[in-house]
Amino acid sequence: MKLQTVEYYFREVVTSMVRNRWMSFASIGTVAVSLFILGVFLILVVNMTKMASSLESQVQISAYLDDALTQEGRDEVERMTKDLSGVSKVEFIPKDKALEILRERLGDRKKILDALDDSNPLPDYFLVTVKSADDVPKIATAIADLYGVEEVKYGQDVAANIFDLTHLIRVFGFFLMLLLTGATIFIIANTIRLTVFARRREIAVMKYVGATDWFIRWPFILEGIALGFIGGGISALALRSFYAAMASKIYSTLAFFPMVEQYPFMNYVTVALIVAGIVIGILGSTVSLKRFLEV
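Residues numbered from 1 in each chain as written. Predicted model: local features only at pLDDT ≥ 70, side-chain atom pairs only at ≥ 80, totals over all residues. Heavy atoms only, no water.

Attention now moves to the overall build of the protein chain. Within the protein chain, the regular secondary structure consists of nine helices and four strands. Listing the helices and strands of the protein chain from first to last along the sequence gives α-α-β-α-β-α-β-α-β-α-α-α-α. Classification of the 295 residues of the protein chain by burial places 39% in the buried group. Restricting to contacts in the protein chain with at least 6 residues of sequence separation, those with at least 24 account for 83%. (Helix = DSSP H or I, 4+ residues; strand = E, 2+ residues; numbered from the N terminus. Buried < 20%, exposed > 50% of the residue type's maximum accessible area, 1.4 Å probe, protein only. Contact = heavy atoms within 4.5 Å.)

As a further point, take the pairing of strand β1 (residues 60–65). By the bridge criterion, five bridges tie β1 to strand β3 (residues 125–130) in an arrangement that is antiparallel. The residue bridging I61 from the neighbouring strand is V128, located in β3. Here β1 runs beside strand β4 (residues 149–153); their pairing, made up of four bridges, is antiparallel. Opposite A63, over in β4, you have V152 as the bridge partner. (Pairing = 2+ DSSP bridges.)

What follows concerns the packing of aromatic side chains. Any two aromatic rings considered together are summarised by their centre-to-centre distance and by the angle between their planes. Evaluation of the coordinates by the stated rule reveals five aromatic pairs. Lying over the aromatic face of F92, R74 brings its terminal NZ or CZ to 3.9 Å of the ring centre. (Phe/Tyr/Trp six-rings, centres within 6.5 Å; stacked < 30°, edge-to-face > 60°. Lys NZ or Arg CZ within 6 Å of the ring centre and 35° of its normal.)

Taken as a whole and judged by the stated rule, the model has five salt bridges. The partner of E76 in a salt bridge is R79, with the nearest N and O atoms 2.6 Å apart. Taken as a pair, E76 and R79 lie in helix α3 (residues 71–83) at a separation of three residues, close to a single helical turn. Under the relative-accessibility criterion, E76 is labelled partly exposed at 33%. With a shortest N-O distance of 3.5 Å, E91 and K97 are connected by a salt bridge. When its relative accessible area of 28% is taken as the criterion, E91 is described as partly exposed. Three or more residues are tied together by salt bridges with common partners; here these are E76, R79 and D83. (Salt bridge = Lys/Arg side-chain N within 4 Å of Asp/Glu carboxyl O.)

In structure tokens:
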């Protein structure tokens, strides 16, 4: 491609954007707003997924031991539990520590334990952490079959609700992102189509004097890239400020909430939004030009 042709293309892009500045402004605004909304849902879905994963990782199995179990028997239960596929950690909790944990959980109501005097009815137990939350029921059943294990609990109802919630979050987030992406492409393509429609006579004249389709296409494609880049950049800057403000507000009230760290996450989001804006600009220009090139 000749340098003069390249200069012509870029000159046409600048001229077109200045001449149709209100249409260009509308296109950039549409890209920015659409990608900002898409970005907001993206970071919400990512953070909801992280929260769901955090909830899943907190599901643990408590294996209560028979009071008559010897030290050797306890060691054997611990060894066999560690050997189970999917187990990442096994921690022994003696009955004295179990009582202290119960006191802490009761908080202001811990005085009710004073009635026990020096007795401790709680059993020793193993606290088992698993690698995948989906393996909890299977591992719990295997531990329950071990000699010396009197009872196994992992909050079956709570765990089931957590698993259902995390699955729903991931499925809902995936389809929501697809829906918003499709809606964004549709809106931007139609906005750019208005720009092309306003210049349809110019395109027809160029076709009649012998201009090739690609000669006509390039200025529009480059204009679509420029509009998408500017719109994507604006949405990325706005989203970075939004996420920083949201993170600051959440951490001030919920210090231990498992949010995704701003960096490098927001850097990836910025690049994704700008690239998405460029790609959508190209697609919108290409689709919009198709019918007007058929002269």
